[in-house]
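Coordinate analysis (summary)
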Amino acid sequence: MKAIRRFTVRPVLPAPLRPLSDLARNLRWSWHTETRDLFQSVDPEGWAASGNDPVRLLGSVSPGRLAELAEDRGFLRRLTAVAGDLDDYVTGDRWYQDRSAELPAAVAYFSPEFGITAALPQYSGGLGILAGDHLKAASDLGVPLVGVGLLYRHGYFRQTLSRDGWQQEHYPVLDPNELPLALLEEPDGTPAQVSLALPGGRSLHARVWLAQVGRVPLLMLDSDVEENDLGERGVTDRLYGGGSEHRLLQEMLLGIGGVRAVRTYCRLTGHPEPEVFHTNEGHAGFLGLERIAELCAEGLDFDSALEAVRAGTVFTTHTPVPAGIDRFDRELVAHHFGPAAELPVIEVGRILQLGMETYPGGEPNLFNMAVMGLRLGQRANGVSLLHGNVSREMFSGLWPGFDPDEVPITSVTNGVHAPTWVAPEVFRLGARQIGVQRTEDAMTVGGSDRWDAVAEIPDQDIWELRRNLREQLVVEVRQRLRTSWRQRGAGTAELGWIDGVLDPDVLTIGFARRVPSYKRLTLMLRDRDRLMDLLLHPDRPIQIVVAGKAHPADDGGKRLVQELVRFADDPRVRHRIVFLPDYGMAMAQKLYPGCDIWLNNPLRPLEACGTSGMKAALNGCLNLSVLDGWWDEWFQPDFGWAIPTADGTGTDPDHRDDIEAAALYDLLEQRVTPRFYERGQDGLPDRWIEMVRQTLTLLGPKVLAGRMVREYVERLYTPAAQAHRTMTPDAARELASWKTRVRSAWHGVTVDHVETTTATPTAELGSTLSLRVRVGLGDLGPDDVEVQAVSGRVDSQDRIADASTVPLKPVGGPDAEGRRLYEGPLSLDRTGPYGYTVRILPAHRLLASGAELGLVAVPSQDLGEGAGVLLR
C-alpha cells in the first residue's frame with residue numbers, strides 16, 4: 001500500500017550525544033576525515049547504507065545503539081574532540097582575519113547549482129562542483145561569504161542504462177527534512193519567506209533553507225510551498241529543466257529572490273550585509289536589478305542606482321561559446337517585469353536595454369543573461385587564462401573600438417578543494433612527511449609555489465600508494481558495474497565475468513564529465529582496431545574507466561553514450577573498458593585517485609577551464625589532455641602530455657577528429673605506456689614515479705581552490721568593496737550624470753593632427769620621440785578625457801601588438817578654433833617594426849577601466865603616417 005502522506009521522524013539523541021546533531025548539520029563533515037570516521041564508528045553498516053550521510057545515519061540508528069554509545073567513554077572522548085575542533089574551525093581567526101581592514105565585510109555568492117556533497121544533490125556538473133569548492137575554500141580561509149542558490153526537489157537526474165545502452169533518466173523526490181538543511185525562521189518560529197510578483201496579480205513564494213558549509217551559510221530557495229499554485233510550486237522542481245518561461249522564473253527567483261533572502265538572513269542573524277555581490281555565470285544576473293530597485297526606493301534615479309550596483313558587483317563567465325548562455329525572448333522578459341509584475345519601480349525598457357545584444361552579429365530580439373551580467377558588473381572574469389582571451393573576443397562587441405585584449409574581462413583560473421578530492425591515503429602520506437597541521441594548511445590556505453616535501457617521499461612509498469588506490473578503484477568499479485547490469489536486466493548467472501574486470505596492475509585511464517558534443521566522449525573510438533590493440537596489448541595493456549551524463553534533452557549526447565556503452569559491452573574488451581552510469585561526487589571521489597592517467601580531449605578552445613584533471617593531479621594522476629582550459633596554462637612535459645590539436649580554420653570537423661585521435665593513439669603507444677611499464681634497477685617505474693612526484697610538487701599548489709579564492713579576494717572582491725564604499729549616493733549621481741554628458745558629447749571628440757620630432761623611417765633603440773597632438777573635445781574639457789599614445793611592435797597589416805600606453809599632457813588652453821594641444825614623450829623600447837597611434841578615452845576617477853563606456857576616438861585615416869606606423 002502507498003502512504004497518502006510522508007513525514008520525517010527525527011531521532012531523540014541522549015544528552016551526551018547531542019553534539020552529533022550539530023556535526024551532522026554542518027557540511028564540514030563532507031571534507032573532514034575525523035568527523036566522517038566518527039560517524040562511521042556509530043554504525044559501520046548503517047554508514048555504508050546511508051551513502052555516508054550523517055543525517056540519514058542518525059535517523060536509522062537503533063535506540064539501543066544510541067544508549068550504548070552514550071555510555072562509551074572512548075566514543076564520547078572522540079565526540080568531544082571532534083565537536084571542539086569544529087567549534088575552533090567556525091569561530092577562530094583564519095587567513096582572512098589576518099588581512100587588512102580594506103577587505104569586504106561580506107560577499108554574497110550566487111550560483112544556480114552547488115556541489116557540496118553527494119548527500120545534497122544540487123549540481124549537474126563542473127559549474128556546481130566549482131561553486132561548492134568555492135564555498136568550502138572560502139570557509140577554510142575565513143572569507144565571510146554567503147552562498148545563494150535554489151533547492152531543487154528532484155535535484156539533477158539519476159542515470160541508468162537500458163539493455164541496449166540508452167541513457168535513462170530518473171528524478172527521485174528529495175525531502176528537505178531528510179537533508180542536512182534547516183529552515184530559516186522568523187523570531188516567532190514561522191518559516192522565513194520571500195515573494196516575487198507575477199503577471200496577472202499572482203505571486204511566487206519561496207521558503208529559505210539553510211545549509212551550513214563550515215563557516216559559510218548557503219541559502220537555498222524552495223518554491224514548493226502551500227501558498228503557491230501548482231505551477232509556481234514546480235518552479236524549483238529540477239535543475240535546468242522546463243521551457244523558457246520555467247527557466248526565466250528560476251533565474252528571477254535566484255537573482256531577485258536571492259537578494260531578498262540575503263537581506264532576510266542578515267536581518268534575522270545579524271550577519272554583515274554584503275558589500276560585494278558575485279554572480280557565478282549569468283543565471284543569477286537579475287540580482288543586479290533587485291539591488292537597483294532597492295536604491296530607487298531610497299530615492300536614487302535608475303542611472304545613479306546602476307552605477308552604485310555596478311561598483312560592488314563581480315561577474316564570472318564560465319562558457320566559451322554563445323550557445324552556452326541563457327537567452328530569452330524579449331517579449332517574455334517584458335511580460336514578467338513592470339507595473340503589473342515584478343520590479344514596478346524600473347521601466348521595462350531600461351531592463352531590456354541591459355540584456356539586449358546591441359552589437360554587430362547580435363540577435364535584436366533576444367535578452368542575453370551574460371550580456372546583462374557584464375553590464376551590471378564593474379568587474380568580470382573568465383576561469384582560465386585562455387578562457388579570458390576567448391571571453392574578451394566573444395564579448396568584444398560590447399566595447400566597440402577596442403582591441404579584444406583591452407576588453408575589461410580578466411581571468412581567475414579555477415581551483416579545486418583539496419580536502420574534498422584528495423584521497424585519505426594521499427593526505428596521510430603528506431602528513432607523514434610534514435605533519436597533519438602543515439599538510440592541512442598546504443592544501444587549504446596554500447600560498448607556496450612548490451610542495452618540495454614531496455621530494456623526500458621514497459619511490460617505493462609512492463608506487464605502493466598508487467597501486468593501493470588503483471586496487472580500491474577496481475573494487476569500486478566491479479560493484480558499480482554489477483549494479484548497473486542488474487538495472488539493465490541481467491541475472492546473477494550472467495555476471496560472473498565482472499569478477500575479472502580491470503586489473504590493479506594495469507595502466508588505468510579515466511575519462512568522466514558531462515557529455516556535450518565538444519567534449520568528444522567517443523574520440524577514443526575513432527579507430528576501434530587501434531584502441532583494441534592498446535586495450536589487449538600482451539605486454540603493455542591499458543584499461544579505461546568512462547562515466548558521464550548527457551543532458552536529458554540532448555539525444556545526440558545520448559547516442560554518444562550508447563556508442564561507448566556498446567563498445568564496452570563487447571566480450572573481447574569488457575574486462576578492459578567500462579562505462580559507469582550515474583556519474584556524481586561519490587563516484588568521482590574514488591575515480592580520480594584510482595586512475596594513472598586523466599584523459600581530456602575537448603575541441604580547443606571550448607573547455608573554459610575543466611577541473612576534473614586538477615582533482616586527479618592532486619592524487620598523483622598524470623594528465624593527458626588537449627591544450628585547453630587550465631592545461632593550456634600549466635602544462636609541462638615534466639608531469640603530463642599534450643595532445644596536439646588540428647584547430648586550423650580549414651580543417652573540417654571529421655578530419656580534425658581523425659588527426660587528433662591518431663595523435664592520442666600515438667602518445668599512448670609510444671610515450672605513455674612504455675613509461676608506465678618500464679622498470680629501473682630496483683624494479684620500479686622510476687621515470688613514471690618521477691612524473692607523479694613532479695605533478696604533486698609543481699601542480700599541487702597551483703590547482704587549489706584556496707589559491708583561487710585568495711585571488712578573488714585580492715584582485716576582485718577587495719577592489720569591488722572599495723568601489724562600493726566610494727560610490728556613495730552623491731558619487732553615483734555624479735558618475736551617472738558625467739556618463740550621460742560624455743556619451744551625448746562624444747561625437748565632437750576628434751584627433752585632428754599628430755606630429756613628431758623625427759621624420760626619418762628608422763630610429764635607435766632607447767631613443768625618445770616627442771609627440772604633439774592637436775585634438776578637438778567639443779563640449780567636453782580636459783578633465784573628462786585622457787589623450788594617450790599607444791605604441792608597440794606592428795605586424796604586416798600595421799596592427800600594434802603588446803601595446804603600451806602613455807598619457808599625453810595638455811599644453812595651454814584652447815586655440816581660436818577651440819582645439820587643444822597635447823604633448824608627451826614616446827620611448828622606443830623595442831627593436832624591429834614599430835608603430836604608434838593616438839587615441840582619446842573618457843576619464844573619471846570612479847571608472848574601473850578606460851574602456852568602461854566603450855567610447856574611443858582615434859585619428860582618421862587621412863592623417864597618414866601620424867595615425868599609424870612610424871618606424872620600420
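Residues numbered from 1 in each chain as written. Predicted model: local features only at pLDDT ≥ 70, side-chain atom pairs only at ≥ 80, totals over all residues. Heavy atoms only, no water.

1. Details of the overall build of the protein chain
For clarity, the threshold we go by: Working definition: helices are DSSP H or I runs of at least four residues, strands are E runs of at least two. Numbering for both runs from the N terminus. Radius of gyration here is computed from C-alpha atoms only, and the compact-globule reference equals 2.2 Å multiplied by the residue count raised to the power 0.38. Residue exposure (1.4 Å probe, protein chains only): buried if accessible area is under 20% of the type maximum, exposed if over 50%, otherwise partly exposed. Methods summary: accessible areas were calculated by the Shrake-Rupley approach with a probe of 1.4 Å, and residue burial reflects only the protein chains presented. We count Lys and Arg on the positive side and Asp and Glu on the negative side, and we leave His and both chain ends out. We put the charge of a Lys on NZ, of an Arg on CZ, of an Asp on CG and of a Glu on CD.
Looking only at helices and strands, the protein chain features 28 helices and 28 strands. Relative to the globule expectation of 29 Å for 872 residues, the C-alpha radius of gyration of the protein chain, 29 Å, shows essentially globular dimensions. Principal axes of the C-alpha set define a box for the protein chain whose edges measure 95 × 70 × 50 Å. Expressed as a percentage of the 872 residues in the protein chain, the buried residues total 56%. Surface exposure of the protein chain reaches about 34900 Å², of which carbon and sulfur atoms provide 49%. With 92 positive and 118 negative side-chain charges, the protein chain shows a separation of 3 Å between the mean positions of the two kinds.

2. Quick notes on the sheet that holds strand 18 (residues 597–600)
We apply this condition: Strand pairing is assigned whenever DSSP detects at least two bridges linking the two strands. Angles run from 0 to 180 degrees between N-to-C directions of axes, and those axes are lines fitted to C-alpha atoms, restricted for helices to the stretch in contact. Any two residues whose heavy atoms approach within 4.5 Å are treated as being in contact.
Strand order in the open sheet made by the six strands is 17-16-15-18-19-20, with parallel pairing throughout. With one partner strand each, in any of the chains shown, strand 17 (577–580) and strand 20 (640–643) form the two edges of the open sheet. Pairs of neighbouring strands in the sheet enclose a mean axial angle of 20°, with direction left out of account. Both strand 18 and strand 19 (residues 622–626) contribute to a ladder of four bridges, which runs parallel. Across the sheet, Ile 597 pairs through a bridge with Leu 622, a residue of strand 19. Sitting on the sheet, helix 19 (residues 459–487) is in contact with strand 15 (507–512), strand 16 (542–547) and strand 17, with an inclination near 60° to strand 17. The strands that helix 21 (residues 555–569) touches are strand 16 and strand 17; relative to strand 17, the one it contacts most, it runs at about 135°.

3. Quick notes on the packing of helix 20 (residues 528–535) against helix 25 (residues 653–677)
Put simply, the test is: Throughout this description, any angle smaller than 35 degrees is read as roughly parallel, any larger than 145 degrees as roughly antiparallel, any in the 65 to 115 degree range as roughly perpendicular, and the remainder as oblique. Should the near helix be turned anticlockwise from the far one by less than a right angle, the crossing is termed left-handed; should it be turned clockwise, right-handed.
Remark: helix 20 packs on helix 25, axes separated minimally by 11 Å, with the N-to-C direction vectors making an angle of 20°. Relative to helix 25, helix 20 is oriented roughly parallel. Relative to helix 25, the crossing made by helix 20 is left-handed. Contacts between helix 20 and helix 25 involve Arg 530, Leu 531 and Leu 534 on the former and, on the latter, Ala 662, Tyr 665, Asp 666, Leu 668 and Glu 669.

4. Considerations on the sheet that holds strand 25 (residues 809–811)
The strand order across the open sheet built from four strands is 21-22-26-25, with neighbouring strands paired in antiparallel fashion. Looking at which strands have only one partner, the edges of the open sheet turn out to be strand 21 (750–756) and strand 25. Each adjacent strand pair in this sheet contributes to an overall mean axis angle of 30°, direction not counted. Both strand 25 and strand 26 (residues 820–827) contribute to a ladder of three bridges, which runs antiparallel. Residue pairing in the sheet places Pro 810 in a bridge with Tyr 822 of strand 26.

5. Here's the deal with the packing of aromatic side chains
Each pair of aromatic rings is reported with the distance of its centres and the angle of its planes. Selection criterion: Only Phe, Tyr and Trp rings are paired, with Trp represented by its six-membered ring, and only when their centres lie within 6.5 Å; those with planes under 30 degrees apart are stacked, over 60 edge-to-face, the remainder tilted. In this scheme, Lys NZ or Arg CZ marks a charge over a ring once it lies within 6 Å of the ring centre and within 35 degrees of the ring normal.
The tally for this structure, following the rule as stated, stands at 20 aromatic pairs. A ring pair is formed by Trp 641 and Trp 688, whose centres lie 5.8 Å apart and whose planes are at 35°; its orientation type is tilted. Note that Trp 641 is positioned in strand 20 and Trp 688 in helix 26 (residues 686–699), a separation of 47 residues in sequence. Three or more aromatic residues link up through ring pairs in this structure, and these residues are Trp 463, Trp 641, Phe 676, Tyr 677 and Trp 688. Across from the ring centre of Tyr 171, 3.6 Å away, lies the NZ or CZ of Arg 238, which sits over that ring.

6. Details of helix 7 (residues 126–141)
Selection criterion: Any helix carries an expected span of 1.5 Å times its number of residues minus one.
With 16 residues, helix 7 extends 22 Å from end C-alpha to end C-alpha; this agrees with the ideal 22 Å at 1.5 Å per step. When you tally the buried positions in helix 7, you get 15 out of 16 residues, the bulk of the element. Positioned one or two residues after helix 7, Gly 142 has a phi angle of 80°, which is positive.

7. Observations concerning the pattern of salt bridges
In plain terms, the rule: Salt bridge, as used here, is a side-chain nitrogen of Lys or Arg placed within 4 Å of a carboxyl oxygen of Asp or Glu.
Throughout the structure, instances matching the rule amount to 60 salt bridges. In this structure, Asp 459 and Arg 693 form a salt bridge, with 2.3 Å as the shortest nitrogen-oxygen distance. Within this pair, whereas Asp 459 is found in helix 19, its partner Arg 693 is found in helix 26, the two being separated by 234 residues in sequence. On the accessibility criterion, Arg 693 (7% relative accessible area) is buried. Of the charged contacts, one joins Asp 654 and Arg 526 as a salt bridge, the two residues approaching to 3.3 Å between their closest N and O atoms.

8. Things to note about the nonpolar core
What counts here: Definition used in this section: a nonpolar core is a set of buried Ala, Val, Leu, Ile, Met, Phe, Trp, Tyr and Cys residues joined via side-chain atoms within 4.5 Å.
With 106 residues, the main nonpolar core has Met 524, Ile 544, Ile 597, Leu 624, Trp 641 and Trp 688 as its most contacted residues. The residues touching Met 524, leaving out its near neighbours within four places in the chain, are Phe 511, Leu 531, Ile 544, Val 546, Leu 564, Ile 577, Leu 599 and Tyr 665.

9. Examining the environment of Val 545
Relative to the assigned elements, Val 545 resides in strand 16. Residues Val 545 and Leu 473 lie 72 residues apart in sequence; the distance between their C-alpha atoms is 9.6 Å.

10. As for the environment of Gly 813
The topology assignment puts Gly 813 in the loop between strand 25 and strand 26. Residue Gly 813 is classed as partly exposed on the basis of its relative accessible area, which comes to 46%. A C-alpha to C-alpha distance of 63 Å links Gly 813 and Leu 618, two positions 195 residues apart in sequence. Gly 813 has contacts with Arg 819 and Arg 820, leaving out every residue within four places of it along the chain.

11. Overview of the environment of His 134
If you trace the backbone, His 134 turns up in helix 7. For the pair His 134 and Tyr 109, spaced 25 residues apart in sequence, the C-alpha separation works out to 9.2 Å.

12. Concerning the packing of helix 13 (residues 348–355) against helix 14 (residues 369–376)
The cut-off we apply is this: Residue type decides the class: Asp, Glu, Lys and Arg count as charged, Ala, Val, Leu, Ile, Met, Phe, Trp, Tyr, Cys and Pro as nonpolar, and the leftover types, Gly among them, as polar.
Axis separation between helix 13 and helix 14 bottoms out at 6 Å; the angle between their running directions is 100°. Taken as axis vectors, helix 13 and helix 14 run roughly perpendicular relative to one another. Of the residues in helix 14, those touching helix 13 at Gln 353, Leu 354 and Gly 355 are Val 371, Met 372, Arg 375 and Leu 376. Looking at the contact of helix 13 with helix 14, its residues break down into four nonpolar, two polar and one charged.

13. A look at the side chain of Asp 53
What counts is decided by this rule: Whenever a nitrogen or oxygen atom comes within 3.5 Å of another N or O atom, the pair is scored as a polar contact, on the condition that within protein one atom can donate a hydrogen and the other can accept it, and that pairs from neighbouring residues in sequence are kept only if both atoms are in side chains.
Locating Asp 53 in the fold gives a position in the loop between helix 3 (44–49) and helix 4 (54–60). No salt bridge forms around the buried Asp 53; measuring N to O, its nearest opposite-charge neighbour Arg 56 is 4.7 Å away. Reaching out from Asp 53, the side chain makes a polar contact with the backbone nitrogen of Val 55 at a distance of 3.0 Å. Beyond its immediate chain neighbours, meaning those up to four positions away, Asp 53 contacts Trp 29, Trp 47, Ala 119 and Glu 178.

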